[in-house]
Amino acid sequence: MAPPDRPLVRLLAEWLPRQRWFGGKHRPIDGLSIGTATVLRPGDPGLHHLVLDVAQDGVTDRYQLLLGIRRDLPERLRPGEIGRVAAGDGGDEHVYDAAHDPELARPLLAHMAAGDALGPVRFRHAPGAAIRTDLDAAPSPAEQSNTSLIFGDDYICKLFRRLSPGVNPDLEINLALSRQGCAHVPAVHGWMELDPAAVGGGDEPVTLALLSEYLRSGTDGWQLALTSVRDWFAQPAAAPVPTARDAGAAGGDFAAEAERLGAATAQVHRDLAAAFGVTEVPADELRSRVADMNDQLTQVSAAVPELRPYTAAIRDVFARCAANARPLPFQRVHGDYHLGQAMRTGTGWVLLDFEGEPARTPRERRALGHPLRDVAGMLRSFEYAARFLQAGEGGDAPPAAAEAIEERARAWAERNRAAFCRGYAAAGGPDPVAHAGLLRALELDKAVYEVRYEARNRPSWLPVPLRTLERLAG
Ligand SMILES: Nc1ncnc2c1ncn2[C@@H]1O[C@H](COP(=O)(O)OP(=O)(O)O)[C@@H](O)[C@H]1O
Ligand SMILES: O=P(O)(O)O[C@H]1O[C@H](CO)[C@@H](O[C@H]2O[C@H](CO)[C@@H](O)[C@H](O)[C@H]2O)[C@H](O)[C@H]1O
């Protein structure tokens, strides 16, 4: 038998940067230590909850890991293998990411149903929730900033990978919206949290996981939008280039859904305002936000040279927004709103993932903002859907065909953007048309964020936000 691999912390430091959800892939790890280690299930297979303190560039971020330990690792669990460590008896055992092990996921439900506390890890259920404990888990195919487990047809349990101090806004907002009777969020059944004393204090427990109703009939907005774009591009090449108006004649039109999504967004904004309040902020506050937008622009153009041709034009738009600043109503918003954060179910649109942008600080994620910030996020997403397929369809096309594809992409995006804004305003949201300068600045700010996000996480997608910058910044 081969000798055991290196000590666990060394294995983890090598394994972490390869994970999709690891936020520090672009920086070397200077140090890694285990902050807390809690046995959730003894034996073989064993389940341990770890909080990892990862030091990078003078900043320590906290991640959580459900660590599985098995003497023999079945083939199906190999993709999650971290390595082998020495066992107490002189032999060795496999350590792996247990988020993908159905046998080890079941105890999480049982602990939530019972409201257990194991060391600093506490399991909670929502008032009145009776959690089923007989369900097996399968990993969600949608691996994004976090990792989710799907329990039968009933629950989805999101494990927050990077931990922020205090209550995670996703739990905080979902609970608050449920209390408002909001029809556009999934029911919360339970959650996991960490005693703050175990990680250096703080008043609030640290949210570890969120167990929600699984929307089994739902399809996420990104997939629906791509299907529509695909239909639209599949029109015969000889057909006249469509305008935004006649894009609706194509199969798979998305505009009616975009309009309904706009209306659902306005209703959620209204419920957020009712739950957390609205504050009228002075013009100076908006100018200070624009200064933050300029700071982000400076940082991203230093790191991503492809952004530099657009920097001056973006700054001009930001400057105009600051010059026209006036008092505005600010409130809690979604904060990272895009088509992948909304699911169309049999009864309507449901909004997901109120955690805010993964690269932002906890303070920024909970900060009040203008609701058009979310509108801007979704408008960007329509551009993404149109341009993402355009890259595949138009990549090798001769210039004339590429131009036709570009016009089709633009027509699809324009039609759906307009429909979303119409639905949003008709349902009582601030009219996007009446706030065009603010909206354009917010869209550009999101596009700059996306340039950094893609450069760090999915470099092959970088052309997607860049492709829209010329028009948006011009
Ligand atoms: N309640 C739910 N029911 C069904 N699918 C869901 C649910 N919540 C999330 N999903 C699926 O998981 C994906 C990622 O969820 P999300 O909360 O956005 O996670 P992340 O924070 O990792 O981005 C969504 O795009 C959706 O496809
Ligand atoms: O969903 P997350 O909270 O993980 O958000 C991050 O990842 C998103 C991608 O998964 C990213 O969204 C960008 O790509 C989407 C298509 O995949 C597109 O619809 C969005 O408009 C675009 O911003 C999001 O920005 C990031 O925070």
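Above this text is the structure in question.
Let me begin by describing the structure that accompanies this report. Nothing here was measured: the structure is a model prediction, and the numbers come from that model.

Rules used throughout
Residues numbered from 1 in each chain as written. Chains lettered and ligands numbered in written order. Predicted model: local features only at pLDDT ≥ 70, side-chain atom pairs only at ≥ 80, totals over all residues. Heavy atoms only, no water. Near = heavy atom within 4 Å. Polar contact = N/O pair within 3.5 Å; in protein donor to acceptor, adjacent residues only side chain to side chain. Areas by Shrake-Rupley, 256 points an atom, 1.4 Å probe, with all protein chains shown as cover. Nonpolar A, V, L, I, M, F, W, Y, C, P; charged D, E, K, R; others polar. Salt bridge = Lys/Arg side-chain N within 4 Å of Asp/Glu carboxyl O. Helix = DSSP H or I, 4+ residues; strand = E, 2+ residues; numbered from the N terminus. Buried < 20%, exposed > 50% of the residue type's maximum accessible area, 1.4 Å probe, protein only.

## Some details on the site of ligand 1
And step 1. Around ligand 1 sit 16 residues, and of these Gln144, Asn146, Glu213, Leu215 and Gly340 come closest.
And step 2. In the environment of ligand 1, an oxygen atom lies 2.8 Å from a nitrogen or oxygen atom belonging to the side chain of Asn146.
And step 3. Contacts to ligand 1 include Asp353, whose side-chain N or O atom sits 2.9 Å from an oxygen atom.
And step 4. In isolation ligand 1 has 560 Å² of accessible area, and contact with the protein removes 91% of it.
And step 5. Residue classes in the shell around ligand 1 are distributed as six nonpolar, five polar and five charged.

## As for the pattern of salt bridges
And step 1. This model, assessed by the stated rule, comprises 39 salt bridges.
And step 2. Note that Lys158 and Asp353 form a salt bridge whose closest N and O atoms lie 3.0 Å from each other. You can see Lys158 sitting in strand β10 (residues 155-159) and its partner Asp353 sitting in the loop between β18 (348-351) and α8 (362-366), a full 195 residues away along the chain.
And step 3. Of the residues examined, Lys158 reaches a relative accessible area of 13% and is grouped as buried.
And step 4. The class of Asp353 is buried, set by a relative accessible area of 17%.
And step 5. Here the residues in one salt-bridge network are Glu383, Arg387, Glu406, Arg410, Arg417, Glu443 and Arg471, joined through shared partners.

## Section: the site of ligand 2
And step 1. Every one of the 16 residues lining ligand 2 counts as a neighbour, but Ser145, Ser381, Tyr449, Glu450 and Tyr453 are closest to it.
And step 2. A distance of 2.9 Å separates an oxygen atom of ligand 2 from a polar side-chain atom of Asp336.
And step 3. Within the contact set of ligand 2, an oxygen atom lies 3.0 Å away from a side-chain nitrogen or oxygen of His338.
And step 4. Burial of ligand 2 by the surrounding chains reaches 97%, relative to a free accessible area of 530 Å².
And step 5. Those elements giving two or more residues to the shell around ligand 2 turn out to be α9 (372-394) and α11 (436-457).

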